[in-house]
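# Remarks on the overall topology
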2 protein chains.
Amino acid sequence: MAEKHGLQKERLGFEELKMLLKAIFVKNGTAAETADILAENCAACERDGALSHGIFRMPGYVDSLRSGWVDGLATPDVTALGPSFLRIDARNGFAQRAMTAADPLVRRAVRETGAAIVAIRNSHHFSALWPDVEPFALSGYLAITAVNGLANVVPHGGRQAVYGTNPIAFAVPVENAPPLVVDQATSVMANGEVRLHALAGKPVPEGTGIDHDGNPTTDPHAILAGGALNTFGGYKGSSIALFVEILAGAVTGGQFSFENDFTGYPGAQTPKAGQLLIVIDPNRGGSMNFEVRLACLCAQLADAGQDRLPGARRFANRAAAEKSGIPIAVDELQRLRALAGENA
Amino acid sequence: MAEKHGLQKERLGFEELKMLLKAIFVKNGTAAETADILAENCAACERDGALSHGIFRMPGYVDSLRSGWVDGLATPDVTALGPSFLRIDARNGFAQRAMTAADPLVRRAVRETGAAIVAIRNSHHFSALWPDVEPFALSGYLAITAVNGLANVVPHGGRQAVYGTNPIAFAVPVENAPPLVVDQATSVMANGEVRLHALAGKPVPEGTGIDHDGNPTTDPHAILAGGALNTFGGYKGSSIALFVEILAGAVTGGQFSFENDFTGYPGAQTPKAGQLLIVIDPNRGGSMNFEVRLACLCAQLADAGQDRLPGARRFANRAAAEKSGIPIAVDELQRLRALAGENA
């Protein structure tokens with residue numbers, strides 16, 4: 001019965017889902033402004049079909065807030081260190097609140113100098129990265145961002161975890177098309193996917209990770225119990241993971257992934273990490289129109305047989321959800337309403 | 001006899017090798033200032049044991065110059081488009097000359113604003129990227145650079161070449177240690193290595209590339225004859241190759257890799273491409289000393305079993321060469337002297 005129940009879906013409008021999620025954040029000790037930002041972010045992931053960062057994450061947010069590991073009431077401290085450089089201490093709050101606070105200053109810096117660097121430290125990031133870069137592409141800018149996280153990825157050739165899954169994202173505008181948006185972990189597989197394999201009792205593919213002793217394994221339990229994931233793409237992917245660790249953990253003045261320690265906060269799940277954002281006005285480089293040039297590149301990729309561009313599936317899901325609502329399983333919805341303190 | 005001869009090595013000092021290479025560039029139509037820059041760059045690759053970009057490249061430089069495809073006399077046109085943004089038209093000359101012209105302006109921009117973006121277009125890059133970023137790390141800055149090239153890499157899931165080998169490099173300073181320097185192609189294998197396999201009649205590993213019809217092949221000849229190399233790391237590596245194509249080909253206002261066409265210039269080898277450079281003052285982000293933090297990260301990597309850090313081998317080769325000279329095969333040296341118009 002539970003399974004049949006779980007298959008029933010209710011369709012919610014974006015604002016309706018967002019308001020429910022906002023109520024959960026507020027109920028669990030988050031300031032209204034921050035709750036609004038996080039609810040918008042999480043509802044957008046669900047709407048776009050980026051389900052691993054949608055409502056699936058809500059219990060983790062709630063447990064982290066309740067444990068005291070993350071401060072839902074924190075207000076970020078933004079300092080301009082030069083016309084192109086913003087430093088933000090998120091004061092143990094959420095990275096998205098810090099990003100929102102910086103947004104007008106970032107845009108001014110890009111207009112005035114051609115580029116902006118935003119270095120956020122002491123911040124928690126528990127969502128996808130594409131929501132942080134897509135708005136800049138929609139404004140005609142190129143944006144790159146990277147965050148580090150909890151150490152669960154082994155450097156190539158090593159025997160224990162040093163890096164987080166260290167995702168990197170970028171977004172650029174394309175003429176007469178949605179922006180091109182890439183958002184990918186530098187681990188070979190997402191940690192959540194390893195958990196799904198463990199629950200299903202299925203081995204992971206060879207090359208996914210190592211066990212506690214540093215030996216290769218296809219047992220997802222061994223990877224999760226003191227083992228580690230590999231980086232994607234061998235030593236070259238490992239260099240990209242290293243670069244993310246440097247940008248997000250060191251340039252920001254933040255923590256390295258291996259410095260995270262929430263053992264005193266039972267239930268905590270959000271990685272306390274750093275985030276670096278680089279925004280560039282892509283039309284200063286030359287006399288050609290950047291968006292037109294990107295459309296030319298996308299046409300060439302289609303000609304070469306790459307018919308689905310990064311981010312395209314999300315935009316298709318978004319269009320469908322805007323037409324007919326965001327489908328949520330009825331039992332999921334009941335759990336969300338319970339987290340918000342509403343009667344199910 | 002030839003092989004025995006080839007095994008004999010002469011040891012040259014750095015300045016001696018540089019002066020010989022400079023004479024070759026000047027002899028083949030390069031302005032003295034540009035010749036000095038390219039000779040320094042090429043001699044440094046040879047000294048550091050980065051042999052695929054050392055004297056091995058000289059015939060390609062010479063053939064490109066003689067064909068008229070690249071202009072050895074070009075002077076770059078540098079425009080400041082804002083306090084953080086430099087645009088350079090290399091005017092069909094070498095990228096390294098453009099980079100050198102911009103250097104004082106880049107450093108001023110980083111000092112004054114915290115960051116600099118340099119967008120070079122209409123430029124030829126035929127060397128490694130590490131010489132472009134290492135000097136900034138030696139000055140305490142973080143530098144990232146990327147160039148595109150000749151289309152010989154297929155996007156993941158596609159059936160024909162769109163990208164160049166599109167290398168990306170970064171360098172950062174480390175306390176009491178040489179800088180950490182990464183320089184890697186986004187193709188799974190360097191094109192030169194495919195050529196070596198073809199010459200030796202050896203197959204390349206599975207996953208290296210595709211043939212003219214878009215089918216996977218381990219035949220190096222098929223990859224070189226209208227086929228293409230794969231990107232490293234599957235779809236994630238392909239996204240990085242795409243990002244390099246965007247940064248170097250579009251933000252710069254330059255050419256995409258697939259727009260290169262030197263069919264009218266027999267012998268030409270240098271890719272006419274764009275190059276983007278981002279330099280950041282990594283100490284603005286936080287109150288901690290960046291170089292100390294990087295030493296901490298490197299120590300953690302060593303603990304995890306990654307005992308050789310990116311760039312370390314080059315610095316070891318450099319130290320050895322500074323002590324006892326740069327070993328060059330006698331027959332190679334004769335060929336170089338002939339290119340310089342000297343008696344062998």
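Just so we're clear, the structure is a prediction, and the values are computed from it rather than from any experiment.

What counts, and at which threshold
Every chain begins its residue count from 1, and numbering advances along the sequence as written. Following the order in which they are written, the chains are lettered starting with A and the ligands numbered starting with 1. Totals for whole chains, interfaces and linings use all residues, but because this is a predicted model, local features are given only for residues with pLDDT of at least 70 and pairs of side-chain atoms are given and counted only at 80 or more. The copies are overlaid by a least-squares fit using only the C-alpha atoms of residues whose pLDDT is at least 70 in both copies. Throughout, a pair of residues is in contact if the C-beta atoms placed from their backbones lie within 7 Å. Note on residue classes: Ala, Val, Leu, Ile, Met, Phe, Trp, Tyr, Cys and Pro are nonpolar, Asp, Glu, Lys and Arg are charged, and everything else, Gly too, is polar. A pair of strands counts as paired when DSSP detects no fewer than two bridges linking them. Starting at the N terminus, helices and strands are each numbered in turn, a helix being any DSSP run of H or I of at least four residues and a strand any DSSP run of E of at least two. The axes used here are C-alpha line fits, helices contributing only the stretch in contact, and every angle between their N-to-C directions lies in the interval 0 to 180 degrees. Any angle that falls under 35 degrees is termed roughly parallel, while one over 145 is termed roughly antiparallel, one within 65 to 115 roughly perpendicular, and all others oblique. Each residue gets a pLDDT score, which is the predictor's confidence in that residue and runs from 0 to 100. Put simply, a nonpolar core is a cluster of buried Ala, Val, Leu, Ile, Met, Phe, Trp, Tyr and Cys residues tied together by C-beta atoms within 7 Å. Partly exposed residues are those whose C-beta has more than 12 but fewer than 20 other C-beta atoms within 10 Å; 20 or more makes a residue buried and 12 or fewer makes it exposed, with C-beta atoms placed from the backbone.

Turning to the relation of the copies chain B and chain A, a few remarks are in order. By a simple turn and slide, chain B fits onto chain A: the slide is 0.0 Å along the axis, the RMSD is 0.0 Å, and the turn is 180°. Seen this way, the second copy is the image of the first under a two-fold rotation axis. When C-alpha positions in chain B are compared against the rotation axis, the closest is assigned to Gly233(B), at 1.8 Å. By residue overlap, the copies meet face to face through one surface: 100% of the interface positions of chain B are interface positions in chain A.

Take the interface of chain B and chain A next. The figure often quoted for interface size is the accessible area lost as the parts come together. Taken together, the contact pairs 60 residues of chain B with 60 residues of chain A. Partitioned by chemical class, the residues of the side of chain B that touches chain A number 31 nonpolar, 21 polar and eight charged.

Take the sheet that holds strand 12 (residues 272-280) of chain B next. Residues and elements named next belong to chain B. Strand order in this open sheet of seven strands is 2-3-4-12-5-7-8, and the pairing throughout is mixed. Looking at strand neighbours, the two that pair on one side only are strand 2 (77-82) and strand 8 (177-184), the edges of this open sheet. If you compare each strand with its neighbour and ignore which way they point, the axes differ by 15° on average. The sheet contact formed by strand 5 (residues 142-147) and strand 12 spans six bridges and is antiparallel. Note that in strand 12 the partner of isoleucine 144 across the bridge is isoleucine 278. Docked against the sheet, helix 5 (residues 95-113) engages strand 2, strand 3 (85-94), strand 4 (115-124) and strand 12, running at close to 170° with respect to strand 4. Against the sheet, helix 9 (residues 234-251) contacts strand 4, strand 5, strand 7 (168-174) and strand 12, and its axis sits at roughly 100° relative to strand 12.

Residues and elements named next belong to chain B. The geometry of helix 3 (residues 32-47) relative to helix 5 is characterised by a closest axis approach of 9 Å and an angle of 105° between their N-to-C directions. By the criterion of interaxial angle, the relationship of helix 3 to helix 5 is roughly perpendicular. Between helix 3, through Thr34, Ile37, Leu38 and Asn41, and helix 5, the contact on the second element is made entirely by Gln96, Arg97 and Thr100. For the contact of helix 3 with helix 5, a count of residues per class yields two nonpolar, four polar and one charged.

Turning next to the confidence of the model for chain A. Here chain A averages 94 in pLDDT, while 97% of its residues score no lower than 70. Both scores are available for the predicted complex, with the pTM at 0.96 and the ipTM at 0.95.

On to the nonpolar core, then. Of all hydrophobic cores here, the largest spans 218 residues; its most connected members are Ala143(A), Val279(A), Ala143(B) and Val279(B). Those residues in contact with Val279(A), other than ones at most four positions away along the chain, are Val106(A), Val110(A), Ala115(A), Ala116(A), Phe136(A), Tyr141(A) and Ala143(A).

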